[in-house]
Amino acid sequence: MKNTTLCYIEKDGSYLMLHRVKKEHDINHGKWIGVGGKFEPGETPEECLLREVKEETGVHLLEYRLRGIITFIQDEETEYMFLYTADSFEGELIPCDEGELAWIPKKEILELKLWEGDREFLRLLEEDREFFSMKLGYEGEHLVEVKTKIYPMG
């Protein structure tokens, strides 16, 4: 079982997306995703988020929000992903060794080559759901199960 973070950084109606094209044996190869990665031993979700965003983009997040927890089940493997959005950062983008970074207008995101499950939680982000839990079950690259629980805030 592994723990990861994923962040959609927003600026001017766009998300910073990473087109994963640089690594040979990358489960995400050819797909567009947000930025993030695997926890290191002893890290909190926030520490992982800040480190991974800095490593992949060169920017430091100033304001970010935990939006959901995604449970991925793929080929008997389980991954818990902490999903964040951010709208305040400092610094300049640097080249990423995992792929090409690009600001993509939110209205065009679903036209990209994405994981099927990413479309599910991106829709909830667009609906501005405060917090949710989602289970995404895959067989290979095919989404076979989606369960969502939306938690009302306030």
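Criteria and cut-off values
Residues numbered from 1 in each chain as written. Predicted model: local features only at pLDDT ≥ 70, side-chain atom pairs only at ≥ 80, totals over all residues. Heavy atoms only, no water. Helix = DSSP H or I, 4+ residues; strand = E, 2+ residues; numbered from the N terminus. Rg over C-alpha atoms; globule rule 2.2 N^0.38 Å. Contact = heavy atoms within 4.5 Å. Areas by Shrake-Rupley, 256 points an atom, 1.4 Å probe, with all protein chains shown as cover. Lys, Arg positive; Asp, Glu negative; His and termini not counted. Charge placed at Lys NZ, Arg CZ, Asp CG, Glu CD. pLDDT = per-residue confidence, 0-100. Buried < 20%, exposed > 50% of the residue type's maximum accessible area, 1.4 Å probe, protein only. Arc of directions from axis to C-beta. Patch = residues over 30% accessible without salt bridge, like charges linked within 9 Å, V, L, I, M, F, W, Y side chains within 5 Å. Salt bridge = Lys/Arg side-chain N within 4 Å of Asp/Glu carboxyl O. Phe/Tyr/Trp six-rings, centres within 6.5 Å; stacked < 30°, edge-to-face > 60°. Lys NZ or Arg CZ within 6 Å of the ring centre and 35° of its normal.

Colleague: Mind showing me how you'd approach the overall build of the protein chain here?
Modeller: Looking only at helices and strands, the protein chain features two helices and nine strands. Rg of the C-alpha trace for the protein chain: 15 Å, near the compact-globule value of 15 Å for 154 residues, within the 12% margin. Taking the principal axes of its C-alpha atoms as reference, the protein chain extends roughly 45 × 40 × 35 Å. Counting only contacts in the protein chain whose residues sit at least 6 apart along the sequence, the fraction spanning at least 24 positions is 63%. Here the protein chain displays about 8500 Å² of accessible surface, and carbon together with sulfur accounts for 49% of that area. Charge-centre separation for the protein chain: the mean point of 20 positive side chains lies 3 Å from the mean point of 34 negative side chains.

Colleague: Help me understand the confidence of the model for the protein chain in this model?
Modeller: Keep in mind that low pLDDT regions are not for reading the predicted coordinates in detail. This prediction gives the protein chain a mean pLDDT of 94; 99% of its residues lie at or above 70. Ranking the elements of the protein chain by mean pLDDT puts helix α2 (residues 116–126) last, at 95, and helix α1 (residues 45–57) first, at 98.

Colleague: Mind showing me how you'd approach α2 here?
Modeller: Turn by turn, an α-helix covers 3.6 residues, leaving residues three or four places apart pointing in a common direction. Among all positions of α2, only Gly117, Asp118, Phe121, Leu122, Leu124 and Leu125 are buried. Along the axis of α2, the buried residues cluster in a sector spanning 155 degrees; they form a single face. Positive phi appears at Asp128, one or two residues downstream of α2, with a value of about 60 degrees.

Colleague: What exactly am I supposed to notice about the environment of Trp103 here?
Modeller: On the secondary structure map, Trp103 appears in strand β7 (residues 100–105). Overall, the relative accessible area of 26% leaves Trp103 in the partly exposed class. The spacing of Trp103 and Thr78 is 25 residues in sequence and 30 Å in space, taken between C-alpha atoms. Among residues more than four places away in sequence, those in contact with Trp103 are Ile9, Glu10, Lys11, Ser14, Tyr15, Leu16, Phe89 and Leu93.

Colleague: Is there a simple way to explain a negative patch on the surface in this structure?
Modeller: A cluster of like negative charges, contributed by Asp75, Glu76, Glu77 and Glu139, occupies part of the molecular surface. Mapping Asp75 onto the fold places it in the loop between β5 (60–74) and β6 (77–90). Residue classification places Asp75 among the exposed residues on the basis of a relative accessible area of 51%.

Colleague: Help me understand the packing of aromatic side chains, please; the structure alone is not making it clear to me.
Modeller: Any pair of aromatic rings gets described here by the distance separating the centres and the angle formed by the planes. Counted under the stated rule, the structure contains eight aromatic pairs. Centre to centre, the rings of Tyr64 and Tyr84 are 6.0 Å apart; their planes meet at 75 degrees, and the pair counts as edge-to-face. In this pair, Tyr64 sits in strand β5 while Tyr84 sits in strand β6, placing the two residues 20 residues apart along the sequence. A relative accessible area of 1% places Tyr84 in the buried class. An aromatic cluster of three or more residues is present, and its members are Tyr8, Tyr15 and Phe121. Seen from the ring of Trp115, Lys31 lies directly overhead, with NZ or CZ sitting 4.4 Å from the centre.

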